[in-house]
Structures are given as C-alpha cells and as structure tokens.
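So the chains spell out like this:
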Amino acid sequence: MKFRYKVLFTNLILLSLGLGLVGYLMIHKNFELAKQTQLKNAIVQNNLVQSSVEYELLQLLNSVSDNSETSNNNIDNNNAEKSSISASSIAAQLPQIGSRVSSSVRSRDSFFYIYFDGEKVYTDDKSDARIGDTLFKNLTTGNKNYVIKEESQKHYIYVTSQSVIDEKNLWIVSKCDASEAYTLLDEQINYFRLIIIVILIAESAAMYFISRYMTKPLEKLNHVSEEIAQGDYATRVNVKSHDEIGLLAQKFNIMAQAVSDHVDELNDMVHRREQFVADFTHEIKTPMTSIIGYADTMRSLELPREEQMMALGYIFSEGKRLESMSQKLFELIYLRRHDIEKARVHMADLCAEVVKVVEPAYENRHLTIETEIEDTVLTVNRELLVTALVNMMDNARKASEEGQQVEVTGKFVDNRACNIRKDKTDIGEAESADDGKCMTAYEICIIDHGIGMTKEQAAKICDEFYMADKSRARKEGGAGIGMSLVAIILEHHNAVLSVESEPGCGTTMRILLPW
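This report concerns the structure included in the present document. Everything numeric in this text was worked out from a predicted model, so none of it was measured.

## As for the side chain of Lys 175
Line of reasoning, step 1. Relative to the helices and strands, Lys 175 resides in strand S5 (residues 168–177).
Line of reasoning, step 2. Judged by its relative accessible area of 2%, Lys 175 falls in the buried class.
Line of reasoning, step 3. Among the polar contacts made by the side chain of Lys 175, one reaches the side chain of Asp 125 at a distance of 2.7 Å.
Line of reasoning, step 4. A polar atom in the side chain of Lys 175 sits 3.4 Å from the side chain of Tyr 158.

Shown next as structure tokens:
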C-alpha cells in the first residue's frame, strides 16, 4: 500500500473515532437532558394526581365527620391519621375519586393507577399495562420510584408515590409518554450519521489531494533511487521544500553524489589497473623480445667477436632495465601499503648527496649541475627523498641535450606556496597567494632547458608506465615508473609537486615541503 493511502486511511480512522466520540457524548448528553425533563414532568403529573386524590379523600372524610360528629380525621401528604370510616368504604370510593381526578387533571398521553392496600382499584389507562412490583419496592411516604418501560414502540415513565390511610398503603402510579426524548435521540443519531458521512467524504477528498501533494517528493525520491539502482548515477532529486522531506532530499542528493564519486573512483581504479597490467605487459615484452632474439641468434649462429659483444650489450642493457623496473615496482607497491619513518635531516647535505649520485651520468652527457641550496633542517625520510630527487634529476638529464645546464635550488618560501594540502600530491601549477591561507614551506626546484612537455603530458607524468617520449625514454633506459614513485614518496611527506613546462623551452619541477 502506498504511503499516501496509509496517511489517508489513518486520518479517516482517527477522524471517524474523534467525531464518533464527540457525537456520542453530545447526543448522550442531550438525551439525558431530554429524559430528565420528561421525568420532571412525570413527577409533576404524579404530584398533581396524588394531591387531587388526597384532596378528594379529605373531602370524603370531612363529610363523614360532619354527619357523625364522633371522630376527628386528618389526612396529609406525610401521614394518614385514623378515621372512623372503614378501609372498605375508602376502597369503594376510590374508583369514583379516580374518575373525578382523571376528568379534571389528566393530560394527553398521561394516565394513572390507584392501588389501595396492594390492590389496583382504578386506572384510566385502557391498555391496563402490567406494572410489576419494581415500582413498589422500598417505597416510603414522601419518596417516589420511577421506571421507564417500552410499550407498543413507545416509551413511558411510571412514577409511584405513597400515602398511608388507616395504616394501609395508598399508591398513586402515574404513566407519562416519554417517547419524545427517544424520538429526538433517533433523529439526532440519524442526523449525526448524515453529517459524519458528508464530513468523511469531504475529508477523504481533501486528504487525498493533501497526502498526494505531501508525498510527491517521496515519489520523486523513489523514482530517482530506481534510476540510480539501474546505473544512472547522475540523476538528482529536485525538491525545494524546507521541511524534513526537503532535508531528506538534500541528504539523498549528497549521498547520490558520494556514490557517484565513489563509482567513478572505482571505475578509474579499474581502468588504471587494467592500463597498468597492459603497460606492464608491454614494457616487459619489449626487453624480453630483445633478450630472447639476441640470445637465440647467439645460440643458433657463429657470430664474430664484435657482433657477439654487441648482442651481449643489448642483452645486458635490457636485463638492467628489467631489473630497474622490478625494483621500482617493488618500492611503489611497498610504499602504497606501509608508512615511513622520518628523521631530522639537513637539506644541504641531502641535496649534495643527490648531486653526487647523478653526477657520473651527467658527466657522460656533458651536462652541468648548478646548485643553490639554502640549508635548513626538515623532518623527512632521507633515503626516500633522495630516491625521489634522483628520479627527478634523471628525468631532467634525459630531457636535456648535451652541453645544457640543470639547475637545483632549495629555499624557504612564504607567500608563494599556499594551501599545502596534506591529503594528496598535486600535479599542475602552484596555487597563488590570493587563493587561501599561506604557510611557510621549503621549496626544491629542478630546472632543465630541454625538450619540455605540453600541459596534457605534464598532467600524466605520475601515471604508471607513462612516458612523454617513449622512444627517447627507452633509449635512456626508462620504464615510466620513476615519477609514480616520486608522487607516492611526496604524498608520504605531505608535499606538493607542481610541474611547469613548455615544449622546446624546458621544464621546472617544484617540490613544496611543509616546514
């Protein structure tokens, strides 16, 4: 069941219960008030009949007293005193008294009964309904009992009062029609049912459109989630409300963006792995083909000494390239999975060691190294940072022509190196001082004046097995892993690498180490 229908039915149920409870209480209260009014009228009618009967009896006793002048008689509402007239004479006179009272005080839809000494002596009710003993139980002089009975689809109120005459009970039972209260009750119930039906129909229509409007953003969320589940990670929810649903939509969009970014990262990682395997296979295949080819030639043919040495030279150089490639791959994998230890190192000594390592290779190419190092002490891993700088110096050597100069500088910078982010190594142009907070850093620059690179090539130099000039790199013994290793090492040092290069003008590689 859709959420909007749950909201609709829940509201209908609650509204029905609320209206039903309120209606019941109101109708019940009105019915009780009407019934009390009918009961008061019945009591008034009973008092009137009782007073009239007692008055007639008093007149009878007074007449007897005047004729005999032998006894005193007194009858009132509370006590009936002894009389010289016998009980049988009173019982004989009561039907006539009841008839006279009925003609004088009886109203429409009201009747009364007269009981004397437990026997019914008069009634003007033609139906002569059976009253029962309930009305006479625990009845005392001055008090009244009443009961409501249904007869012939009508409701009547029976009210009983008691008087005592010559130590015998005189009961006056009045019967009044109370059907008006019950008719009013039925009318109110029917009218209330009609009102409830109208209200529920109107409320159902209103709540349907309201719930549909309120749950529309949820339907959008559901639709977008289905599209995301089918692989469309660019879909977003367009909900502009400022309530909880709007907040949920914003969080959902944030989550969808995070999922999209994560999927892109996974796809990029898979692509990079596939490219790594393909490049690695290719890089291994090339030297292995040369080694196998020259070895097979030497095994199959009798070559002159000079040609044998040339073939052995190719085999040796390609073997050394494989050895260098495997060593760098091992270091690359190790650094990705392990942390490094750091110690305080003098940067002047470290840079001097780097120059000493690469100097023989530079002399073979008739290249000169110009250094300008400002000494300071930084907390770094000496061996790894030397490895990174040697790889960068080696790239500068390979890009330079004979007789050119490579410059190495090291110095503090304040307002040029800004936002050194400690989460990754950037490749690209250094950020300007106006872009954010500035912090002190130690800058190492390696500048060559060789063949240079395009911006697209510079952005890829840290990819595994990437070589801007493959023929030149392979000729120099490169495998395309050196700069990937540099990026990992600098990442462990929270450093930033920026590359500025222009084809034909050379390349400047700048390392910013936080101080």
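## Focus on the packing of aromatic side chains
Line of reasoning, step 1. Summed over the entire model, instances satisfying the criterion amount to 6 aromatic pairs.
Line of reasoning, step 2. Taken together, a centroid distance of 4.3 Å and an interplanar angle of 20° make the contact between Phe 136 and Trp 171 stacked. Within this pair, whereas Phe 136 is found in the loop between strand S2 (119–123) and strand S3 (144–151), its partner Trp 171 is found in strand S5, the two being separated by 35 residues in sequence. Just as Phe 136 is buried, Trp 171 falls in that class too.
Line of reasoning, step 3. Aromatic side chains Phe 412 and Tyr 442 sit 5.5 Å apart centroid to centroid with 85° between the ring planes, which places their arrangement in the edge-to-face category. One end of the pair, Phe 412, is in strand S9 (residues 405–413); the other, Tyr 442, is in strand S10 (residues 441–448), with 30 residues separating them in the sequence.

## Digging into the nonpolar core
Line of reasoning, step 1. Counting residues in hydrophobic clusters, the biggest one holds 40 residues, and the most contacted among them are Leu 350, Leu 389, Met 392 and Ile 511.
Line of reasoning, step 2. Only helix H6 (347–364), strand S8 (377–380), helix H7 (382–399), S9, S10, helix H10 (482–492), strand S11 (496–502) and strand S12 (506–514) provide two or more residues apiece to this core.
Line of reasoning, step 3. Examining the composition of this core, we find that 9 residues originate from one element, H7, more than from any other.
Line of reasoning, step 4. If sequence neighbours within four positions are ignored, Leu 350 has contacts with Val 345, Val 380, Arg 382, Leu 385, Val 386 and Leu 389.
Line of reasoning, step 5. Ranked by size, the runner-up nonpolar core spans 15 residues in total, among them Leu 57, Val 101, Leu 170 and Ile 172.

## Some remarks on the environment of Gly 450
Line of reasoning, step 1. Residue position: Gly 450 is located in the loop between S10 and helix H8 (455–458).
Line of reasoning, step 2. For Gly 450, the residues in contact, after removing those within four places along its chain, are Ala 399, Ser 400, Gln 404, Gly 504, Cys 505 and Gly 506.

## Some points on the pairing of S12
Line of reasoning, step 1. Counting buried residues in S12 gives 8 out of 9 residues, a clear majority hidden from the surface.
Line of reasoning, step 2. When S11 meets S12, the two strands line up antiparallel, connected through 7 bridges. Within the sheet, the bridge partner assigned to Val 499 lies in S12 and is Met 509.
Line of reasoning, step 3. Following S11, the chain reverses through 3 residues before pairing antiparallel with S12; Gly 504 in that reversal takes a positive phi of roughly 85°.

## Looking at empty space enclosed by the protein
Over the atoms rolls a probe the size of a water molecule, and in doing so it shows where empty space is left.
Line of reasoning, step 1. Taken as a whole, this structure holds 1 cavity of 30 Å³ or more when the rule is applied.
Line of reasoning, step 2. One number sums up the size of the largest cavity: a volume of about 40 Å³.
Line of reasoning, step 3. Put simply, the parts of the chain that give the lining of the largest cavity at least two residues each are H6, H7 and S10.
Line of reasoning, step 4. Of the residues forming the lining of the largest cavity, the biggest block, 3 residues, is contributed by H6.

## Observations concerning the pattern of salt bridges
Line of reasoning, step 1. Scanning the entire structure with this criterion turns up 11 salt bridges.
Line of reasoning, step 2. Notably, a salt bridge pairs Arg 510 with Glu 500, separated by 3.0 Å at the nearest N-O pair. With Arg 510 in strand S12 and Glu 500 in strand S11, this pair connects stretches of sequence that are 10 residues apart.
Line of reasoning, step 3. Taking relative accessible area as the criterion, Arg 510 reaches 10% and is therefore assigned buried.
Line of reasoning, step 4. When its relative accessible area of 35% is taken as the criterion, Glu 500 is described as partly exposed.
Line of reasoning, step 5. The network of salt bridges with common partners includes Asp 125, Glu 151 and Lys 175.

Rules used in this analysis
- Residues numbered from 1 in each chain as written.
- Predicted model: local features only at pLDDT ≥ 70, side-chain atom pairs only at ≥ 80, totals over all residues.
- Heavy atoms only, no water.
- Helix = DSSP H or I, 4+ residues; strand = E, 2+ residues; numbered from the N terminus.
- Buried < 20%, exposed > 50% of the residue type's maximum accessible area, 1.4 Å probe, protein only.
- Polar contact = N/O pair within 3.5 Å; in protein donor to acceptor, adjacent residues only side chain to side chain.
- Phe/Tyr/Trp six-rings, centres within 6.5 Å; stacked < 30°, edge-to-face > 60°.
- Core = buried A, V, L, I, M, F, W, Y, C linked by side-chain atoms within 4.5 Å.
- Contact = heavy atoms within 4.5 Å.
- Pairing = 2+ DSSP bridges.
- 1 Å grid on protein atoms, 1.4 Å probe; cavity = no way out; pocket = protein on both sides within 12 Å on 5 of 7 lines; lining within 4 Å.
- Points joined across faces, edges and corners; volume = space filled by probe spheres on them.
- Salt bridge = Lys/Arg side-chain N within 4 Å of Asp/Glu carboxyl O.

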